[in-house]
Amino acid sequence: MRDNLILPSLLTFVSLLGASASLFSLELSMQLHALTIKFGFSAGMFVCSILIDVYSKCSSVKDARQVFNEMNEKDIAVWSSMLFGYIQQCENEKALKLFLKLQHCLQKPNTLTFVALIVSSSNLCGSLEEAQRMFDSALQRDIACWNSMISTYAQHGEAKEAINMSEKMINGRRSC
């Protein structure tokens, strides 16, 4: 592209950042981040959300949080990306603290946010009760939310509860 004087587009960077994340290449991700700044794509929520995801996958939650902190505006997708970043790196306590901050900023959590909370609550000290509390507090529960709670019970050896949850999900869907 450079040899032919073709300028990269937003799609170019999205594709390249996705590739660097799948390679778990922190160095390449940092170089691409620098290029997004150089070409003026780094300020948008979409690119920042991708950068948070990429840095988290490359085991650099510190860099992900720096991108998050430098953002002027954050939508729920950005907050959820940062929550999942913490969870990917087993920093569950930070994920729960970030959720409290999200509530303080008056953002309305979505299903992905609750999935992240269910997983982090379960991971943090193996607290099934906390995971169930997060699940119960979700205003709307889609298949992802139900599946995260079912798998949480299964991962903790609570097969009976996992089956009960799946039956509740199925019975609840019939009544809709």
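Anything mentioned here points back to the structure above.
Remember, it's a predicted structure, so these values are computed and weren't measured experimentally.

*Asks:* What is the right way to read the overall build of the protein from this model?
*Replies:* In terms of regular secondary structure, the protein is built from ten helices and zero strands. Out of the 176 residues in the protein, the part that is buried amounts to 41%. A separation of at least 24 residues holds for 56% of the contacts in the protein among residues at least 6 apart in sequence. Taken as a whole, the protein presents about 10200 Å² of accessible surface, with 57% of it coming from carbon and sulfur.

*Asks:* What is the right way to look at helix H6 (residues 92-104) in this model?
*Replies:* Every α-helix winds through 3.6 residues per turn, so residues three or four apart in the chain are directed the same way. Between its first and last C-alpha, H6 extends 19 Å over 13 residues, near the 18 Å set by a 1.5 Å rise per residue. Among the residues of H6, those classed as buried are Asn-92, Ala-95, Leu-96, Leu-98, Phe-99 and Leu-102. An end-on view of H6 places all buried positions within 160° of arc, on one side of the element. H6 presents Lys-97, Leu-100 and His-104 as exposed residues on the side facing more than 90 degrees away from its buried surface.

*Asks:* Can you walk me through the packing of helix H1 (residues 10-22) against helix H2 (residues 26-38) in this structure?
*Replies:* Two measures define how a pair of helices packs: the angle their axes make with one another and the distance between the axes. Across the interface, H1 lies against H2 with an axial gap of 9 Å and an inter-helix angle of 165°. Of the possible angle classes, the one that applies to H1 and H2 is roughly antiparallel. For the pair H1 and H2, the sense of crossing is left-handed. Each of Phe-13, Leu-16, Leu-17 and Ser-20 in H1 lies in contact with H2, whose residues at this interface are Leu-28, Ser-29, Leu-32, Leu-35 and Thr-36.

*Asks:* What am I meant to see in helix H3 (residues 45-57) here?
*Replies:* End to end, H3 covers 18 Å across 13 residues, agreeing with the expected 18 Å (1.5 Å per residue, within 8%). Positioned one or two residues after H3, Ser-59 has a phi angle of 65°, which is positive.

*Asks:* It is not clear to me how the environment of Ile-163 should be interpreted in this structure. Could you clarify?
*Replies:* Within the secondary structure, Ile-163 is located in helix H10 (residues 159-174). Linking Ile-163 and Ile-150, residues 13 residues apart in sequence, is a C-alpha distance of 7.6 Å.

*Asks:* How should the packing of aromatic side chains be read in this particular structure?
*Replies:* Remark: the centre distance and the inter-plane angle together describe each pair of aromatic rings, the angle taken between the planes. Enumeration according to the criterion identifies three aromatic pairs in this entry. Residues Phe-13 and Phe-39 carry aromatic rings whose centres are separated by 6.0 Å and whose planes lie at 40° to one another, so their mutual orientation is tilted. Here the residue Phe-13 occupies a position in helix H1, and Phe-39 occupies one in the loop between H2 and H3, the gap between them amounting to 26 residues. Given the relative accessible area of 2%, Phe-13 is considered buried. Residue Phe-39 is classed as partly exposed on the basis of its relative accessible area, which comes to 31%. The interplanar angle of 85° and the centroid separation of 5.0 Å between the aromatic rings of Phe-68 and Trp-79 together place this pair among those described as edge-to-face. With Phe-68 in helix H4 (residues 61-70) and Trp-79 in helix H5 (residues 76-88), this residue pair connects regions lying eleven residues apart in the sequence. In this pair, the class of Phe-68 matches that of Trp-79, namely buried.

What counts and how
- Residues numbered from 1 in each chain as written.
- Predicted model: local features only at pLDDT ≥ 70, side-chain atom pairs only at ≥ 80, totals over all residues.
- Heavy atoms only, no water.
- Helix = DSSP H or I, 4+ residues; strand = E, 2+ residues; numbered from the N terminus.
- Buried < 20%, exposed > 50% of the residue type's maximum accessible area, 1.4 Å probe, protein only.
- Contact = heavy atoms within 4.5 Å.
- Areas by Shrake-Rupley, 256 points an atom, 1.4 Å probe, with all protein chains shown as cover.
- Expected span 1.5 Å × (residues − 1).
- Arc of directions from axis to C-beta.
- Axes fitted to C-alpha atoms, helices over the stretch in contact; angles between N-to-C directions.
- Parallel < 35°, antiparallel > 145°, perpendicular 65-115°, else oblique.
- Left-handed = near helix turned anticlockwise from the far one by under 90°.
- Phe/Tyr/Trp six-rings, centres within 6.5 Å; stacked < 30°, edge-to-face > 60°.

Note that every value here comes from positions in space, so none of it alone points to a role or purpose.
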